[in-house]
Amino acid sequence: MKHHSFALTPPKGWNSWDCYGATVTESEVKGNADYMAKHLKQHGWEYVVVDIQWSEAGAVSSAYRPFVPLEMDGYSRLIPAVNRFPSAEGGKGFKPLADYVHNLGLKFGIHIMRGIPRQAVHQNTKIKGTDVGARYIAKPNSICAWNTDMYGLDHTKPEAQLYYDSLFELYAEWGVDFIKVDDIADSQHYGAHIEEIKMIRKAIDRCGRPMVLSLSPGPASLNDAAVLEENANMWRMTNDFWDIWELLYDMFDRCYRWSKNIGPGHWPDADMLPLGHIGIRSVDGGASDRYTRFTRDEQITMMTLWSIFRSPLMFGGELRDNDDFTLSLLINEEVNKMHQEGHGARQVYRHEDRVVWQSYGPDQEVYVALFNIADHEQTVSVDLDQLGVDATKVESITDLWEKETLSNVDQTITSHLRPHACQLLKLVIKK
């Protein structure tokens, strides 16, 4: 499908949610973009994404203020709050900020909620290119359980499609490259909003600008896998993911169940990476301003699982506060290569809290990840026969995080691991 070419490899970038909730400002976006351009761009990180409620002038955290006025144009379309995004003054929208990001050699993204602003419906404001108002196309009983900004759209009304068309026409004018649509892949009331997903797909196709389409929140249903692949580039297979071990433990099962639905341009999404300095103006995840609560072993385990599985990677922390260890997680060339060029990822086995995954590289490399997801130390092993590897053809085995070559090649790979730790290996096979 044409739109799959927009994300042939899993997208990598920064999203403002984990550190700034609904409150990020233009200067903070620019600062993180500057950091990415300097430290991460050469390692494949490219998207800079402004998360939810950028039209809310008085946002104070990730706790949404209900039924507050939002900035909106004359065609029922939300626009950036100028007190937070000064360059949007005079109807310029996000174009100046997108231009800034593009001039750094990066790509620009925004978050939106499905549907149409409730205030547009209550005021019955215009829909561009039609003779009807917002009230005609809205479904007032189609609401989000956790945010009061929007009503869903009635897909049986042609003018509803025209509203989505007008939205993406505007985003194309702004220069948007990545769009995260929320309350759509799953919802607490209705499940997936399949018809609105299809409408958004059609609107992006009509706008003439390539945009990666990301659908949130999860957990998306495997029953919807086909329609998600047909219409989106990535979709959440989980609820919001935070720096809580139980959520990371649970992700092993989610990755296993979705591992057959990965391919060029369509990526199940394990959600953002709550690394570094997070919670600055966010109250989610059970704590406010903090550095990630994951231990170093847990951070490496998360990066290894996301990378071998090939989830999109969206960093959630304030990049400018990264320490050397956090940065090292993002710029490991061998791990990045596995994430971007690997294929055939599968769970080799899971025995209680011992887990082994493998995937394959473009040059006959075999990647093997051994995980101890127990709360105590234990040994995790895998026989080369289980990996489909002939021991006589293994030229070398390298630990990708430690950057060390193992001294000998045995029929069985064995790793003694601390609680919640892992080892990631690359086997080079003789051609």
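Since we're looking at a predicted model, the values are computed, not measured.

S.K.: I keep staring at the side chain of D177 and nothing clicks. Help me out?
M.R.: Inspection of the secondary structure puts D177 in the loop between α6 (158-174) and β7 (178-182). Residues within four places of D177 in sequence aside, it is in contact with Y47, H102, K107, F108, R209, P210, M211 and V212.

S.K.: Just to check I follow, could you spell out the domain arrangement of the chain for this structure?
M.R.: A common way to state how big an interface is: give the accessible area lost once the parts meet. For the chain, the assigned domains are domain 1 (2-341) and domain 2 (346-429). For domain 1 versus domain 2, the separation of C-alpha centres amounts to 34 Å. Tallying the contact residues gives 25 residues for domain 1 and 27 residues for domain 2. Of all residues in domain 1, F252, D297 and I308 bury the most surface against domain 2, accounting for 25% of the area lost on that side. At the junction of domain 1 and domain 2, the tally comes to 4 salt bridges. Measuring nitrogen to oxygen at the nearest pair gives 2.8 Å for the salt bridge that ties R418 to D297. Our count for the contact surface shared by domain 1 and domain 2 stands at 10 residue pairs in polar contact (both at pLDDT 80 or more). The set of elements that each furnish at least two residues to the side of domain 1 that touches domain 2 consists of α9 (245-258), α10 (296-309), α11 (324-330) and α12 (333-341). Looking at which element gives the most residues to the side of domain 1 that touches domain 2, the answer is α10, with 9 residues. The residue inventory of the side of domain 1 that touches domain 2, partitioned by class, reads 13 nonpolar, 5 polar and 7 charged.

S.K.: Would you mind showing me how to read helix α3 (residues 95-103) here?
M.R.: Structural remark: α-helix, 3.6 residues per turn; residues separated by three or four positions point the same way. Taken residue by residue, α3 has L97, A98 and V101 as its buried positions. Down the axis of α3, the smallest arc covering the buried residues is 100°, so these residues share one side. Looking one or two residues beyond α3, the residue adopting positive phi is G105, at roughly 80°.

S.K.: How should unusual backbone geometry be read in this particular structure?
M.R.: Negative phi is the rule for most residues except glycine; trans is the rule for most peptide bonds. S216 connects to P217 through a cis peptide bond whose omega is -20°. Cis peptide bonds are those with omega within 30 degrees of zero, and the linkage from G218 to P219 qualifies with 5°. With respect to the helices and strands, P219 occurs in the loop between β8 (212-215) and α8 (225-231). For F67, which is not glycine, the phi dihedral falls at a positive 55°. By the secondary structure assignment, F67 is in the loop between β2 (47-50) and α3.

S.K.: Before we go on, may I ask you to explain the pattern of salt bridges in this structure?
M.R.: Pairing between side chains of opposite charge can happen when their charged atoms approach one another. The final tally for this structure, using the stated rule, is 26 salt bridges. E28 is paired through a salt bridge with R281; the nearest N and O atoms lie 2.8 Å apart. Here R281 lies in the loop between β11 (277-278) and β12 (290-291) and E28 lies in helix α2 (residues 26-40), a separation of 253 residues in the sequence. The partly exposed category is assigned to R281, whose relative accessible area is 27%. A single network of salt bridges, built from pairs that share partners, joins R114, D183 and E196.

S.K.: Honestly, the environment of R84 in this entry has me stumped. Any pointers?
M.R.: Note that R84 resides in the loop between β2 and α3. Taking the C-alpha atoms as reference points, R84 and E56, 28 residues apart in sequence, are found 8.8 Å from one another. Once residues lying within four places of it in the same chain are set aside, the contact partners of R84 are A22, T23, V24, T25, E26, Q53, W54, E56, A57 and A59.

S.K.: Just checking my understanding: could you explain the packing of aromatic side chains for this structure?
M.R.: Counting across every chain of the model gives 17 aromatic pairs. Ring geometry for W54 against F94: centres 5.1 Å apart, planes inclined by 70°, an arrangement best described as edge-to-face. Of this pair, W54 sits in the loop between β2 and α3 while F94 sits in the loop between β2 and α3, and the two are 40 residues apart along the sequence. Geometrically, the ring pair formed by F85 and F94 is edge-to-face, given 5.1 Å between the ring centres and 80° between the ring planes. Residue classification places F85 among the buried residues on the basis of a relative accessible area of 1%. Feature note: the residues W54, F85, F94, F108, F168, Y171 and W174 constitute an aromatic cluster, connected by ring pairs. Of note, K30 hangs over the ring of Y100, and the distance from its end group to the ring centre comes to 4.8 Å. Positioned over the ring face of Y75 is K128, at 6.0 Å from the centre of the ring.

S.K.: For this particular structure, what's the right way to read the packing of α9 against α10?
M.R.: Relative placement of two packed helices is described by the angle separating their axes and the distance separating the axes. Direction vectors running N to C along α9 and α10 enclose 15°, while the axes themselves pass 11 Å from each other. The angle between α9 and α10 falls in the class roughly parallel. Our pair here, α9 against α10, has a crossing hand that is left-handed. Residues W245, L248, M251, F252, C255 and W258 of α9 lie in contact with α10, whose contacting residues are E298, T301, M302, L305, W306 and F309.

Cut-offs applied
- Residues numbered from 1 in each chain as written.
- Predicted model: local features only at pLDDT ≥ 70, side-chain atom pairs only at ≥ 80, totals over all residues.
- Heavy atoms only, no water.
- Helix = DSSP H or I, 4+ residues; strand = E, 2+ residues; numbered from the N terminus.
- Contact = heavy atoms within 4.5 Å.
- Domains from an automatic or database assignment.
- Buried area = accessible area lost by both parts, 1.4 Å probe.
- Salt bridge = Lys/Arg side-chain N within 4 Å of Asp/Glu carboxyl O.
- Polar contact = N/O pair within 3.5 Å; in protein donor to acceptor, adjacent residues only side chain to side chain.
- Nonpolar A, V, L, I, M, F, W, Y, C, P; charged D, E, K, R; others polar.
- Buried < 20%, exposed > 50% of the residue type's maximum accessible area, 1.4 Å probe, protein only.
- Arc of directions from axis to C-beta.
- Phe/Tyr/Trp six-rings, centres within 6.5 Å; stacked < 30°, edge-to-face > 60°.
- Lys NZ or Arg CZ within 6 Å of the ring centre and 35° of its normal.
- Axes fitted to C-alpha atoms, helices over the stretch in contact; angles between N-to-C directions.
- Parallel < 35°, antiparallel > 145°, perpendicular 65-115°, else oblique.
- Left-handed = near helix turned anticlockwise from the far one by under 90°.

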